[in-house]
Amino acid sequence: MGFARTCSVALVGVEGVVVEVQADLEPGIAAFTLVGLPDKSLIESRDRVRAAVVNSGADWPQKKLTVGLSPASVPKGGSGFDLAVACAVLGAAERIDPRVLADIVMIGELGLDGRVRPVRGVLPAVLAAADAGYEQVVVPECTAGEATLVPGVSVLGVRSLRQLIAVLTDEPVPDEEPEERGRPDPMLSGLSMPGGGAGTGLGGSLADGHGLDLADVVGQMSARTAIEVSAAGGHHLMLSGPPGAGKTMLAERLPAVLPPLTRGESLEVTAIQSVAGMLPPGKSMIDTAPYCAPHHSATMQSLVGGGAGVARPGAVSLSHRGVLFLDEAPEFSGRALDALRQPLEAGHVVIARSAGVVRLPARFLMVLAANPCPCGQYRALGGECDCPPATVRRYQARLSGPLLDRVDLRVEVDAVTRTELAGYGPRGESTQVVAERVREARERAVARFTDTPWRTNSEVPGHALRTRWPTAPGALDEAELDLERGFLTARGLDRVLRVAWTVADLAGRERPYAQDVALALQLRTGISRGVPMTIGAGS
């Protein structure tokens, strides 16, 4: 009887569970049994592994073979177990020393010719292996850069099973013929998910800029201020105005204003993109804020996550630490929009399915863009709106009160005038200038929140802001008066206070004063409070 074991990783959402792959050989009729709650794609690995082992020059054992995946209670799927299964079988057949395999984690799919193909989710799988105490990991060669992001783990990237056998048995490592230059590399096909490209609005990132500059936006000084405050404090934003006023242009330029991701944030974002199959080719780590702009026909599952079996990340997770832009927000289904309430508050989404419960990170900056009515000309300068009042009310009511109460900034975007479009008016600052001011404001907030779990003003509970970091005397008088009149809810008052702190950070003040709170109220309610819509007003 022969026995060997090695390890692999099963992904549940964006978290990994280390799985022990055991192979047992017994005398009897040649058969291959795979147990341990595998799905259809994993059951098919029996044929892939057998062909890969034979085509790699090794003998397939002609005995009764049982491969077990432990713990058996965890659902397992995908083709990433192929490499571990093949090595466990070869260890049981004594082609490889079983003692060498015991403490190695192996991740990768096998082709019928023995080549090791890449799989999605390598980064979270290696993170799980490191957390479990494993120090050696074997991955496909084209995903080795992604795996090396995890500190304290020795990573071996291989192109074929015969190469891995040679390494584990101290034999000369054979050279694999490289792909002909100019031909598409079929090995990269396992890294992307069909329909997950930039054209879907879910996988693209505009954070690199790609020529998008705030200076290109004509006019819209109030909206530009809202963009800056939103980026500096992580506040959700709603832009309302007629078609063609520049709402989408402003939203597309917001990611470039956000500060670069820290290493911890980059690992979080890269892990999600890797699991979803949306990691850009040739880029092992994402260091800029992601940008997702799903179409208004998106379902609730595509927004918050879901799908058959174990839930997959949705748009709220794909925009984690970045921007989720919902253009034509009233056209989204009310059920899908209201499903955003919980992740907006908690920073994560919990999805329960029959296959298990998945917790996905979802701390994103939401930007809503909406027309004032179906035709878009309601209250527009020189526009002729034909929508009946009841139709306008129904259209605006598609965005529920509880959802809007979670939006800190609400700005009216006016139509661009001919004078502004011709370039006679004042030009706005460039993205580089605004981004530098945002970075400095973020640094002030981080210094203030030292020894706390918070990094931005939008994350701090209202009670902590009121008790630990008081405002200037009398600064909240006008906001508290609005609360008594019913213009603000208790949550709304807390959010006004958070925005006031962000305005003070941008202006370089140690704490908010009355003019900072007035600007925060103006940005939230749209009612003029007698202060200019610019940062540092009244200083």
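First, a word on scope: everything that follows refers to the structure included in this document. (Residues numbered from 1 in each chain as written. Predicted model: local features only at pLDDT ≥ 70, side-chain atom pairs only at ≥ 80, totals over all residues. Heavy atoms only, no water.)

## Notes on the pairing of strand 4 (residues 64-70)
Inclusion rule: DSSP calls a pair of strands paired once it identifies at least 2 bridges connecting them. A helix here means a DSSP run of H or I that spans at least four residues, while a strand means a run of E at least two residues long, and both kinds are numbered starting from the N terminus.
Where strand 2 (residues 15-26) and strand 4 come together, seven bridges link them in antiparallel fashion. Note on strand 4: the bridge partner recorded for Q22 is G68. Of the strand pairs in this sheet, strand 3 (residues 31-35) and strand 4 are connected by five bridges, and their pairing is parallel. When the bridges of strand 4 are listed, T33 appears paired with T66.

## Focus: the sheet that holds strand 10 (residues 237-240)
Note the following rule: Should any heavy atoms of two residues lie within 4.5 Å, those residues are considered in contact. Fitted lines through C-alpha atoms serve as axes, helices being fitted only where they are in contact, and the angles separating the N-to-C directions of these axes extend from 0 to 180 degrees.
Spatially, the five strands line up as an open sheet ordered 11-12-15-10-16, and their pairing is parallel. Each of the sheet's edge strands pairs with one partner strand only, and the pair in question is strand 11 (291-292) and strand 16 (409-412). Contacts between helix 8 (residues 221-233) and the sheet are confined to strand 10, strand 15 (365-370) and strand 16, with strand 16 contributing the most and set at about 165 degrees to the helix. Packing of helix 9 (residues 247-257) onto the sheet brings it into contact with strand 10, strand 11, strand 12 (323-326) and strand 15, and relative to strand 15 it is tilted by some 170 degrees.

## Thoughts on the nonpolar core
Convention followed: Only buried residues count toward a nonpolar core. Its members are Ala, Val, Leu, Ile, Met, Phe, Trp, Tyr and Cys residues joined through side-chain atoms within 4.5 Å. Only protein chains enter the accessibility calculation, which uses a 1.4 Å probe. A residue is then buried if its area is under 20% of the maximum for its type, exposed if over 50%, and partly exposed in between.
If you look at the biggest cluster of nonpolar residues, it comprises 57 residues, and the most contacted ones within it are L237, L239, V367, W469, V517 and L523. For this core, the element with the highest residue contribution is helix 21 (residues 490-507), accounting for eight residues. Aside from chain neighbours lying at most four places away, what touches L523 is A226, V229, D408, L409, R410, V411, V499 and M533. F32, I104, V138 and I165 belong to the second-largest nonpolar core, a separate cluster that totals 39 residues.

## Describing the state of the cysteines
As a reminder of what qualifies: Disulfide: a pair of cysteine sulfur atoms within 2.5 Å of each other.
One pass over the structure, following the stated rule, counts zero disulfides. Take C387: it sits in no disulfide, and the sulfur closest to it among the cysteines is that of C375, at 3.7 Å.

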